[in-house]
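# Descriptive analysis of the structure
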Amino acid sequence: MSDKKVKILDVNVNSITMKQAVEKALGYIKEGGFHSVFTPNPEIIWLSQKDKELKEVLDNADMLLPDGIGVVVASKIKKQPMPERVGGYDFTREMFKQPGISFFLFGAKPGVAELAAENLKKENPNITIAGTRNGYFDEAKDTDEIIQQINDSGADVLIVCLGVPKQERWIYRNRDKLSPSLCIGVGGTLDVIAGVVKRAPDIYIKLNLEWLYRTVKQPSRIKRNWVLFAFILKVLFIDRKNK
Ligand code: UDP
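Structure report, in brief. One numbering rule holds for all chains: residues counted from 1, following each sequence as written. Under the rules for a predicted model, residues below a pLDDT of 70 receive no local features and side-chain atom pairs below 80 are neither given nor counted, while totals for whole chains, interfaces and linings still include all residues. Excluded from the side-chain calculations are hydrogens and water; all other atoms, namely the structure's heavy atoms, are used.

Counting secondary structure elements, the protein chain contains twelve helices and eight strands. Throughout, radius of gyration means the C-alpha value; the globule benchmark is 2.2 Å times the number of residues raised to the power 0.38. Computed over C-alpha atoms, the radius of gyration of the protein chain comes to 17 Å, within 12% of the 18 Å expected from 2.2 N^0.38 for 243 residues, which places it in the range of a compact globule. Counting only C-alpha atoms and orienting by the principal axes, one finds that the protein chain spans roughly 50 × 35 × 35 Å. Throughout this description, buried means an accessible area under 20% of the type-specific maximum (1.4 Å probe, protein chains only), exposed means over 50%, and partly exposed covers the range between. Scored against the burial criterion, the 243 residues of the protein chain give a buried share of 49%. Only heavy atoms matter for contacts: two residues are in contact if any of them lie within 4.5 Å across the pair. The long-range share in the protein chain, meaning contacts at least 24 apart out of those at least 6 apart in sequence, stands at 74%. For the area figures, the Shrake-Rupley method with a 1.4 Å probe applies, and any residue is considered shielded solely by the protein chains shown. Split by element, the accessible area of the protein chain, about 12200 Å² in all, is 52% carbon and sulfur. By definition, any uninterrupted DSSP run of H or I lasting at least four residues is a helix, any uninterrupted run of E lasting at least two residues is a strand, and each is numbered from the N terminus.

Pasting the structure below:
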């Protein structure tokens, strides 16, 4: 099992294939206890340079998947090329295909997690969705009740889609209370599975231009692309020689 990591702007990202990532995740479920998996893209890594709590969250994660082509490019610049990009959406999809695991879907607007659950059941009638909960809540007031609902469901895997960095923080802050053996933070995944947001056409994904498609569809994301640019420049000129 590959434990290789590449340090990118001080964040240790797993250098791993999709197959290895799924094997590792299944190992966590078998082992029990608490495990967290996040999918850092350049934006999260950039944010974590200034945000101490987010850095701590990433440092304490069990697995950090190289989401976003920017992370894979950074590994190449550092001459420690990663085998492939392992996107959070694709990883979650692979997890849903694994037999004998139950999932709790937490996040997105009211109704979306339920719609995602219906679609997952249509695709795979044997899947167990132990529960769902939308992602709009008062953190101080509602968190205990949400955790109770998740724990009572008996789910093995908690899928959290609250956006970055809210989902990473929420999982980390509640790590001692959550019963699922694996908690995964994967942004807009439930929106895509529910069909309320369209994923980029395959050609964009193949050419690693998914970020461009999302920017054209949602021009408010343009600021996020400056981060990608700044990230690559920093890796190129400052981080390149840091092992
Ligand atoms: N979201 C949520 N609660 C919040 C803020 C956001 O459940 O308080 C959801 C939102 O509805 C969407 C997801 O989080 O389903 C964020 O999706 P996005 O594609 O923006 O993810 P990111 O790019 O931040 O990973």
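This is not the end of the story, as more comes after the structure.
Grouping buried Ala, Val, Leu, Ile, Met, Phe, Trp, Tyr and Cys residues that are joined through side-chain atoms within 4.5 Å yields what is termed a nonpolar core. Core analysis: the biggest nonpolar cluster contains 35 residues, and M63, F91, F103, L105, I159 and L182 have the highest contact counts within it. For this core, the secondary-structure elements that each account for two or more residues are α1 (18–31), α5 (88–96), β5 (102–107), α6 (112–123), β7 (157–161), β8 (182–185) and α9 (189–194). Discounting chain neighbours no more than four positions away, the residues touching M63 are N14, I16, A21, K24, A25, Y28, S36, V37, F38 and F91. Ranked by size, the runner-up nonpolar core spans 34 residues in total, among them V11, L64, F104 and I147.

Now for the environment of L120. Within the secondary structure, L120 is located in helix α6. L120 gets classed as buried once you look at its relative accessible area, which sits at 2%. C-alpha of L120 to C-alpha of K97: the two residues are 23 residues apart in sequence and 9.6 Å apart in space. If sequence neighbours within four positions are ignored, L120 has contacts with R93, F96, L105, I127, I129 and I193.

Moving on, we get to the site of the ligand. It suffices for a single heavy atom of a residue to lie within 4 Å of a molecule or strand for the residue to be listed as near it. Taken together, 16 residues are adjacent to the ligand, and A108, G135, Y136, K166 and D191 come closest. Within the backbone of V164, an N or O atom sits 3.2 Å from an oxygen atom of the ligand. Taking D191, its side chain carries an N or O atom lying 2.6 Å from an oxygen atom of the ligand. Following the grouping adopted for this structure description, the nonpolar residues are Ala, Val, Leu, Ile, Met, Phe, Trp, Tyr, Cys and Pro, the charged ones are Asp, Glu, Lys and Arg, and the polar ones are all others, Gly among them. By residue class, the composition of the shell around the ligand is five nonpolar, five polar and six charged. N or O atoms within 3.5 Å of each other form a polar contact, as long as, within protein, one can give a hydrogen and the other can take it, and as long as residues adjacent in sequence are counted only when both atoms are side-chain atoms.

What follows covers the environment of I171. As for its placement among the helices and strands, I171 is situated in helix α8 (residues 166–173). Once the C-alpha coordinates of I171 and S36 are considered, the two residues, 135 residues apart in sequence, prove to be 7.6 Å apart. When near neighbours in sequence (up to four residues on either side) are disregarded, I171 contacts F34, S36, F38, V160, L178, C183, I184 and G185.

Bringing the packing of aromatic side chains into the picture now. The relative placement of two aromatic rings is captured by the distance of their centres and the angle of their planes. When two rings of Phe, Tyr or Trp (its six-membered ring) have centres within 6.5 Å they constitute a pair, described as stacked for plane angles under 30 degrees, edge-to-face for angles over 60, and tilted for the intermediate range. Throughout the structure, instances matching the rule amount to six aromatic pairs. Arranged with centres 4.9 Å apart and planes meeting at 65°, the rings of F106 and W170 form a pair that is edge-to-face. Here F106 is found in strand β5, whereas its partner W170 is found in helix α8, with 64 residues between them in sequence. Neither F106 nor W170 differs from the other in exposure class; each is buried. Aromatic pair F137 and W170: ring centres 6.5 Å apart, planes at 80°, arrangement edge-to-face. Of this pair, F137 sits in the loop between β6 (128–133) and α7 (139–153) while W170 is found in helix α8, placing the two residues 33 residues apart along the sequence. Clustering of aromatic rings is evident, with ring pairs tying together F106, F137 and W170. Stacked on the ring of F137, the Lys or Arg K166 has its end atom at 5.4 Å from the ring centre. The ring centre of W46 lies 5.7 Å from the NZ or CZ of K234, which sits over that ring. Whether a charge sits over a ring comes down to the Lys NZ or Arg CZ being within 6 Å of the ring centre and within 35 degrees of the ring normal.

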